[in-house]
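The chain contents come next:
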Amino acid sequence: MKKKLRIALVAHDNRKVDIIDWVIYNSSFLAKHSLVCTGTTGTLVKEALARRDIHPDMQIMNSGPLGGDAEIAAMVVRKEIDLAVFLIDDLNPQPHEADIMMLLRQCRVHNIPIACNRYSADLMITSSLWDDDDYEPMHPHYEIFDRKKHEESEAKLTNENLDS
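Residues numbered from 1 in each chain as written. Predicted model: local features only at pLDDT ≥ 70, side-chain atom pairs only at ≥ 80, totals over all residues. Heavy atoms only, no water.

(A) The state of the cysteines, seen in detail. Inspection of every chain in the model, using the stated rule, returns zero disulfides. Of all cysteine sulfurs, the one in Cys107 lies closest to Cys116, which takes part in no disulfide; the gap is 8.4 Å. (Disulfide = S-S within 2.5 Å.)

What follows is the structure, encoded as structure tokens:
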């Protein structure tokens, strides 16, 4: 990959082993990019990569419950993040659920790819679209959907196809 990405890495406590394993597996890729992490995740990522003598450009924010998720969400809004990997503990309640939802929402609203599991993270970092100069991500369309008008249009198309 030619393009240098700014990648956010966030993991809840019960997913930190997962994210560290993912980071180690993808360390040669991540070494070429800038990382932004929430507090404890960032410290663990930095230590895991340093043990492999990898020292990427890295910014460590506050811990998630202390505003780290919100800090990264603000970076998403300012278009300072290209990709987010957020390994969420879906099996236990989180005290900062509102911040988690805000980060996920801002990624969706601002069209920032967000992976919430290792498989989707692997697919995203290996996408050839990152280096495709002709590819321009479409912006999300937020408009009222008129179901009746849509159904009438579909029926008209179906009838035209039957007539031909």
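Additional details are given in the paragraphs that follow.
(B) Focus on the sheet that holds strand E5 (residues 114-115). The five strands lie next to each other as E3-E2-E1-E4-E5, forming an open sheet whose pairing is parallel. Each end of this open sheet is capped by a strand with a single partner; those strands are strand E3 (58-60) and E5. The pairing of strand E2 (residues 34-37) with E3 spans three bridges and is classified as parallel. Pairing of Val36 across the sheet is with Gln59, part of E3. Strand contacts of helix H3 (residues 39-50): strand E1 (6-11), E2 and E3, with the helix running at about 145° to E3, the strand carrying the most contacts. (Pairing = 2+ DSSP bridges. Helix = DSSP H or I, 4+ residues; strand = E, 2+ residues; numbered from the N terminus. Contact = heavy atoms within 4.5 Å. Axes fitted to C-alpha atoms, helices over the stretch in contact; angles between N-to-C directions.)

(C) View of helix H6 (residues 118-125). Regarding H6, the residues found buried are Ser120, Ala121 and Ile125. Axial view of H6: buried residues confined to an arc of 130°, hence all on one face. Measuring from the side-chain oxygen of the N-cap residue of H6 to the backbone nitrogen of Tyr119 gives 3.2 Å; that N-cap residue is Asn117. (Buried < 20%, exposed > 50% of the residue type's maximum accessible area, 1.4 Å probe, protein only. Arc of directions from axis to C-beta. Polar contact = N/O pair within 3.5 Å; in protein donor to acceptor, adjacent residues only side chain to side chain.)

(D) Layout of the packing of helix H4 (residues 68-77) against helix H5 (residues 97-109). Two numbers describe how H4 lies on H5: the axes approach to 9 Å, and their chain directions differ by 15°. One way to sum up the angle between H4 and H5 is to call them roughly parallel. Crossing angle aside, the handedness with which H4 passes H5 is left-handed. For the pair H4 and H5, contact is made by Asp69, Ala70, Ile72, Ala73, Val76 and Val77 and by Asp99, Ile100, Met102, Leu103, Gln106 and Cys107, respectively. Looking at the contact of H4 with H5 residue by residue, the classes come out as nine nonpolar, one polar and two charged. (Parallel < 35°, antiparallel > 145°, perpendicular 65-115°, else oblique. Left-handed = near helix turned anticlockwise from the far one by under 90°. Nonpolar A, V, L, I, M, F, W, Y, C, P; charged D, E, K, R; others polar.)

(E) Up close: the nonpolar core. Core analysis: the largest hydrophobic core is formed by 23 residues, its most contacted members being Ile7, Leu9, Ile19, Trp22, Val23, Leu35 and Val85. Of all the secondary structure elements, the ones that give two or more residues to this core are E1, helix H1 (16-25), helix H2 (27-30), E2, H3, strand E4 (83-87) and H6. The residues touching Val85, leaving out its near neighbours within four places in the chain, are Ala8, Leu9, Val10, Ile19, Trp22, Ala115 and Ala121. Among the nonpolar cores identified, the runner-up in size contains 18 residues, and Val10, Ile81, Ala84 and Ile88 belong to it. (Core = buried A, V, L, I, M, F, W, Y, C linked by side-chain atoms within 4.5 Å.)

The quantities given are spatial measurements derived from coordinates; they are silent on function.
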